[in-house]
Every structure is written in structure tokens, then in C-alpha cells.
Amino acid sequence: MELRGDEEFRKLDPEAVPATEDDYYAEYLSLILTVKTVGSVEEAVEHINQYGSRHSDGILSDIPADIDYFFANVDSSTLYANASTRFTDGGEFGMGAEIGISTDKLHARGPMGADELTSYKYLVRGSGQIRP
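Residues numbered from 1 in each chain as written. Predicted model: local features only at pLDDT ≥ 70, side-chain atom pairs only at ≥ 80, totals over all residues. Heavy atoms only, no water.

*Asks:* Would you mind going over the overall build of the chain with me for this structure?
*Replies:* On a plain count of helices and strands, the chain comes out with 4 helices and 7 strands. The N-to-C order of helical and strand elements in the chain reads β-α-β-α-β-α-β-α-β-β-β. Considering only contacts in the chain between residues 6 or more positions apart, those separated by 24 or more positions represent 34%. Carbon and sulfur atoms make up 52% of the accessible area of the chain, which totals about 9700 Å². (Helix = DSSP H or I, 4+ residues; strand = E, 2+ residues; numbered from the N terminus. Contact = heavy atoms within 4.5 Å. Areas by Shrake-Rupley, 256 points an atom, 1.4 Å probe, with all protein chains shown as cover.)

Next up, the structure:
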């Protein structure tokens, strides 16, 4: 596992690789974790909303006001307090097999199953009706 972090984090783990701004945008498909040290829940939310994927984010806290602030201000499809973000999965959400994910805000957001891929087509047959 490789840890990357800001200067404050590297004081705690001198073997950590210095983090670059690109590291905070990256979604790794390997055992790499980039850490940003923050001084408040507000600073954490600002960082997540700038660099996050808008998919799943979590907070570890025993302060209800911080959890409420996090839930109200992080713009992601699924938010967790004191639980693993790995629960964001179509099967875990009762959707069956996950077909994909979406970070869009309209229609499907988050894990997507077959229902979320459904689109509609309306067929209207008339005999001269009009709308006044």
C-alpha cells in the first residue's frame, strides 16, 4: 500500500509520498490512498466538493452537528456517517446486479440496476382531440 499526503500528514508518516493536487482528483484502481489534513468539518466538506467524484463520501465522527453539516453540504449521491463507503453497490441497495454508476444529478444517481436504465416512450393515439 502506498500513502500520499500533505505536509501535516507526512509528519505522522514520514514514509508517505508528498501529495500533488492531481493526487486529490485521482481515483486509484490500486492500493494508493491520498490524505489531506483538515482543521474542521467545513474545510473537509470544501475539499470533498472540490476534489471528490460525487459518488460516495463518508465522515467518521461522534459529533452529531458535524455529521448533519456533512450530510447537508457534501454533494455526492451517497453519504455515510461512521460506515464504510463500500456499501454503495447495486446489490447492497437491493437493485440486483449493478450495471453501472452515475454521478449525474438527474434520473439515476449512484449505483444503477436495471430499473435505473429504464427510459420511457409515450404512445398517444387520438381522434382529433385538441388542448384549448
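*Asks:* Before we go on, may I ask you to explain the sheet that holds strand β2 (residues 17-18) in this structure?
*Replies:* Read across the sheet, 3 strands follow the order β2-β1-β3 without closing on themselves; strand pairing throughout is parallel. The sheet terminates laterally at β2 and β3 (32-35), the two strands that pair on one side only. The sheet contact formed by strand β1 (residues 2-5) and β2 spans 2 bridges and is parallel. The residue bridging G5 from the neighbouring strand is P18, located in β2. (Pairing = 2+ DSSP bridges.)

*Asks:* Help me out: how do you make sense of unusual backbone geometry in this one?
*Replies:* Note on backbone geometry: most residues besides glycine have negative phi, and most peptide bonds are trans. Its identity is not glycine, yet R54 carries a phi of approximately 75°, on the positive side. On the secondary structure map, R54 appears in the loop between α3 (41-51) and β4 (56-59). Backbone geometry places N82, a non-glycine residue, at a positive phi of 60°. Its place among the elements puts N82 in the loop between β5 (78-81) and β6 (100-102).

*Asks:* Looking at this structure, I do not really get the packing of aromatic side chains. What am I missing?
*Replies:* As enumerated under the stated definition, the model contains 3 aromatic pairs in all. Feature note: the residues Y24, Y25 and Y51 constitute an aromatic cluster, connected by ring pairs. (Phe/Tyr/Trp six-rings, centres within 6.5 Å; stacked < 30°, edge-to-face > 60°.)

*Asks:* What's the story with the nonpolar core in this structure? I'm lost.
*Replies:* One broad rule of soluble globular proteins: the nonpolar side chains tend to lie buried together. Formed by V41, V45, I48, I59, I67, F70 and V74, the largest nonpolar core amounts to 7 residues. Secondary structure elements with two or more residues in this core: α3 and α4 (64-73). No other element matches the 3 residues that α3 contributes to this core. With near-sequence residues (within four places) excluded, I59 lies in contact with V41, D66, I67, F70, Y80, A81 and N82. (Core = buried A, V, L, I, M, F, W, Y, C linked by side-chain atoms within 4.5 Å. Buried < 20%, exposed > 50% of the residue type's maximum accessible area, 1.4 Å probe, protein only.)

*Asks:* What should I look at first to understand the pattern of salt bridges in this one?
*Replies:* As a working rule, side chains carrying opposite charge can pair if their charged atoms are close by. Applying the stated rule across the entire model yields 4 salt bridges. D75 is the salt-bridge partner of R54, the closest N and O atoms lying 3.8 Å from each other. Taken as a pair, R54 in the loop between α3 and β4 and D75 in the loop between α4 and β5 lie far apart in primary sequence, 21 residues in all. Of the residues examined, D75 reaches a relative accessible area of 23% and is grouped as partly exposed. Beyond isolated ion pairs, a larger network of salt bridges with shared partners links E2, R4 and D23. (Salt bridge = Lys/Arg side-chain N within 4 Å of Asp/Glu carboxyl O.)

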